[in-house]
Amino acid sequence: MSLIALVTLVVRDYDEAVAFYTDALGFELVEDTDRGDGSRWVVVRPRGTDGTGLLLARAEHEAQRAAVGAQTGGRVGFFLHTEDFAGDLERMRAAGVRFLEEPRHEAYGTVAVFEDLYGNRWDLLQPA
């Protein structure tokens, strides 16, 4: 059996990214290791899960800086499942997360698109 353990998300700054994902989205910081060359190995993931984590990788050169916030070409590229849509929506809005639409009910569940601090689009989704 295979498992996707990490997905890299290119960010401007480690500390602002950690603050957003832990404070606004409620993720937990799993690892933050100085690599000795000015870079860090920073992993966050939804609190209380053993699932896929995000490797927050600071952009190192112009091509990477250009990709910050546009890693999926403006499409929703990340899907955050929840068992408490209303509660998470309220908590995230109070933390300043920008939702691009009002919640909608689809055959697959309740969903609303939001942006992370860089403009990457996410679905907050409570599956049906």
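Not measured: the values here are computed from a predicted model. (Residues numbered from 1 in each chain as written. Predicted model: local features only at pLDDT ≥ 70, side-chain atom pairs only at ≥ 80, totals over all residues. Heavy atoms only, no water.)

> Teacher, can you tell me more about the pairing of strand S2 (residues 27-34) here?
Each regular strand carries side chains that alternate between the two faces of the sheet. Examined bridge by bridge, S2 and strand S3 (residues 40-46) share seven bridges and lie antiparallel to one another. Bridge pairing in S3 places Glu31 opposite Val43. Hairpin connection, S2 to S3: the antiparallel pair is bridged by five residues, and Gly36 has positive phi, about 85°. (Pairing = 2+ DSSP bridges. Helix = DSSP H or I, 4+ residues; strand = E, 2+ residues; numbered from the N terminus.)

> Just checking my understanding: could you explain the sheet that holds S2 for this structure?
Two pairing modes exist for strands in a sheet, parallel and antiparallel, and in both the strands are linked by backbone hydrogen bonds. If you trace the four strands from one edge of the open sheet to the other, you get S1-S4-S3-S2, paired in mixed fashion. Each end of this open sheet is capped by a strand with a single partner; those strands are strand S1 (6-11) and S2. Each strand axis lies, on average, 25° off the axis of its neighbour in the sheet, ignoring direction. Here S3 runs beside strand S4 (residues 53-58); their pairing, made up of three bridges, is antiparallel. Residue Val43 lies in a different strand from S4, and its bridge partner there is Leu55. Running at roughly 155° to S4, helix H1 (residues 14-24) makes contact with S1, S2, S3 and S4 of the sheet. (Axes fitted to C-alpha atoms, helices over the stretch in contact; angles between N-to-C directions. Contact = heavy atoms within 4.5 Å.)

> What should I look at first to understand the UniProt feature "domain: VOC" (unreviewed entry) in the protein chain in this one?
In the numbering used here, UniProt assigns the feature "domain: VOC" (unreviewed entry) to residues 3-127. Helix makes up 22% of residues 3-127 and strand makes up 42%, while its end C-alpha atoms are separated by 21 Å. (UniProt positions renumbered as here; feature names shortened; annotations may be inferred.)

> How do you make sense of the nonpolar core when you look at a structure like this?
Side chains of a nonpolar character, in soluble globular proteins, are inclined to be buried together. Grouped together as the largest cluster of nonpolar side chains are 29 residues, with contacts concentrated most on Tyr21, Leu56 and Phe114. Listing elements by their share of this core, those giving two or more residues are S1, H1, S3, S4, strand S5 (76-81), helix H3 (85-94), strand S8 (109-115) and strand S9 (121-127). What Tyr21 contacts, discounting residues up to four positions off in sequence, is Leu9, Gly26, Phe27, Val44, Leu54, Leu56, Asp116, Leu117 and Trp122. (Core = buried A, V, L, I, M, F, W, Y, C linked by side-chain atoms within 4.5 Å. Buried < 20%, exposed > 50% of the residue type's maximum accessible area, 1.4 Å probe, protein only.)

> When you look at the packing of aromatic side chains in this model, what are you seeing that I'm missing?
The relative placement of two aromatic rings is captured by the distance of their centres and the angle of their planes. For the structure shown, the criterion picks out seven aromatic pairs. For the pair Phe20 and Tyr21, a centre-to-centre distance of 5.1 Å together with 90° between the ring planes defines the contact as edge-to-face. For the pair Phe20 and Tyr21, one class covers both residues: buried. Here the aromatic cluster, defined as three or more aromatic residues joined through ring pairs, consists of Phe20, Tyr21, Phe27, Phe78, Phe99, Phe114 and Trp122. Its end group placed over the ring of Phe99, Arg93 keeps NZ or CZ at 5.5 Å from the ring centre. (Phe/Tyr/Trp six-rings, centres within 6.5 Å; stacked < 30°, edge-to-face > 60°. Lys NZ or Arg CZ within 6 Å of the ring centre and 35° of its normal.)

> What's the story with the environment of Leu89 in this structure? I'm lost.
On the secondary structure map, Leu89 appears in helix H3. The class for Leu89 is buried, based on a relative accessible area of 9%. Other than its neighbours up to four places away in sequence, Leu89 contacts Phe99, Pro103 and Leu124.

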